[in-house]
Amino acid sequence: TIAPFINYSKNHIGTKSVPTPDRWIYDNILNTRTIGLDFHSTLSLNWLNIVGNYSWVDAINSDTEESLEGISEHYGSLFLSSKWRFIAPYLMVTFRSDELQRDFDGELITIPGYELVTAGIKITPWEPISFSLRVDNLLDKEYYLRDMVEGRPREGKLDVEVSF
């Protein structure tokens with residue numbers, strides 16, 4: 001599916017930082033135009049499933065035609081999975097573009113984009129028991145989320161599931 005969109009609205013934009021929990025004084029009401037494109041696709045073969053999505057969003061001050069920080073971004077993911085007998089491996093790659101945002105002093109900063117890899121396998125030797133092993137941030141990449149919060153390092157998870 002492909003879903004383009006355009007949205008016209010008035011947005012409250014915070015330009016003055018204040019102590020937590022409020023974080024910003026929303027003192028600037030702007031006429032904005034948000035343009036975006038969402039793409040989602042699934043391809044299933046006999047032994048392989050591929051799911052992908054991509055989103056692009058750009059917000060513009062419709063009075064000055066300037067991009068608004070913290071709202072323009074690209075992000076998406078690609079997910080591959082397979083199943084052979086009782087073994088089901090998968091791989092997921094997610095990405096996000098650089099993003100402009102204001103720090104606590106109101107200064108513009110760039111939060112760097114990132115690409116992350118997650119891999120896992122689920123083994124179901126007999127119903128109703130299954131074992132799953134998953135590694136998030138497989139390449140142990142340093143990355144930052146919104147508000148410059150550091151993302152999680154490499155993590156492994158082992159699950160045992162019993163259904164009844």
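Please refer to the structure placed before this passage.
Residues numbered from 1 in each chain as written. Predicted model: local features only at pLDDT ≥ 70, side-chain atom pairs only at ≥ 80, totals over all residues. Heavy atoms only, no water.

### Quick word on the pairing of strand β12 (residues 129-136)
- Here strand β11 (residues 114-126) runs beside β12; their pairing, made up of six bridges, is antiparallel. If you follow K122 over to β12, its bridge partner there is S132.
- Once β11 ends, the chain turns through two residues before running back antiparallel as β12.
- As paired elements, β12 and strand β13 (residues 155-162) share eight bridges and run antiparallel to each other. Residue pairing in the sheet places S132 in a bridge with D159 of β13. (Pairing = 2+ DSSP bridges. Helix = DSSP H or I, 4+ residues; strand = E, 2+ residues; numbered from the N terminus.)

### Here's the deal with the pattern of salt bridges
- In this structure the tally under the stated criterion is four salt bridges.
- We note a salt bridge from K141 to E115, for which the minimum N-O separation is 3.1 Å. Here K141, found in the loop between β12 and β13, pairs with E115, found in strand β11; they are 26 residues apart in sequence, far enough to count as distant.
- For the salt bridge of K157 with D136, the shortest nitrogen-to-oxygen distance reads 3.2 Å. With K157 in strand β13 and D136 in strand β12, the pair connects residues that are 21 residues apart, well separated along the chain.
- The exposure class assigned to D136 is buried, which follows from its relative accessible area of 13%. (Salt bridge = Lys/Arg side-chain N within 4 Å of Asp/Glu carboxyl O. Buried < 20%, exposed > 50% of the residue type's maximum accessible area, 1.4 Å probe, protein only.)

### Some remarks on the side chain of N137
- Following the sequence through the fold, N137 ends up in the loop between β12 and β13.
- A distance of 2.9 Å separates a polar atom in the side chain of N137 from the backbone nitrogen of K141.
- Ignoring anything within four residues of it in the chain, the contact list for N137 reads L116, V117, T118, Y143, R152, P153 and R154. (Polar contact = N/O pair within 3.5 Å; in protein donor to acceptor, adjacent residues only side chain to side chain. Contact = heavy atoms within 4.5 Å.)

### Looking at unusual backbone geometry
- With an omega of 15°, the peptide bond running from E127 to P128 counts as cis.
- Assignment of secondary structure puts P128 in the loop between β11 and β12.
- Backbone geometry places R85, a non-glycine residue, at a positive phi of 55°.
- Here R85 lies in the loop between β7 (73-82) and β8 (87-96).
- Even without glycine at this site, D140 takes up a positive phi of about 50°.
- Topologically, D140 is positioned in the loop between β12 and β13.
- Judged by relative accessible area, D140 falls into the partly exposed class, the value being 39%.

### Considering the packing of aromatic side chains
- This model, assessed by the stated rule, comprises three aromatic pairs.
- Between the aromatic rings of Y54 and F95, the centroid separation amounts to 6.2 Å while the plane-to-plane angle is 25°, which identifies the pairing as stacked. Of this pair, Y54 sits in strand β5 (residues 48-61) while F95 sits in strand β8, placing them 41 residues apart in sequence.
- Classification of Y54 by relative accessible area gives partly exposed; the value is 27%.
- The class for F95 is partly exposed, based on a relative accessible area of 30%. (Phe/Tyr/Trp six-rings, centres within 6.5 Å; stacked < 30°, edge-to-face > 60°.)

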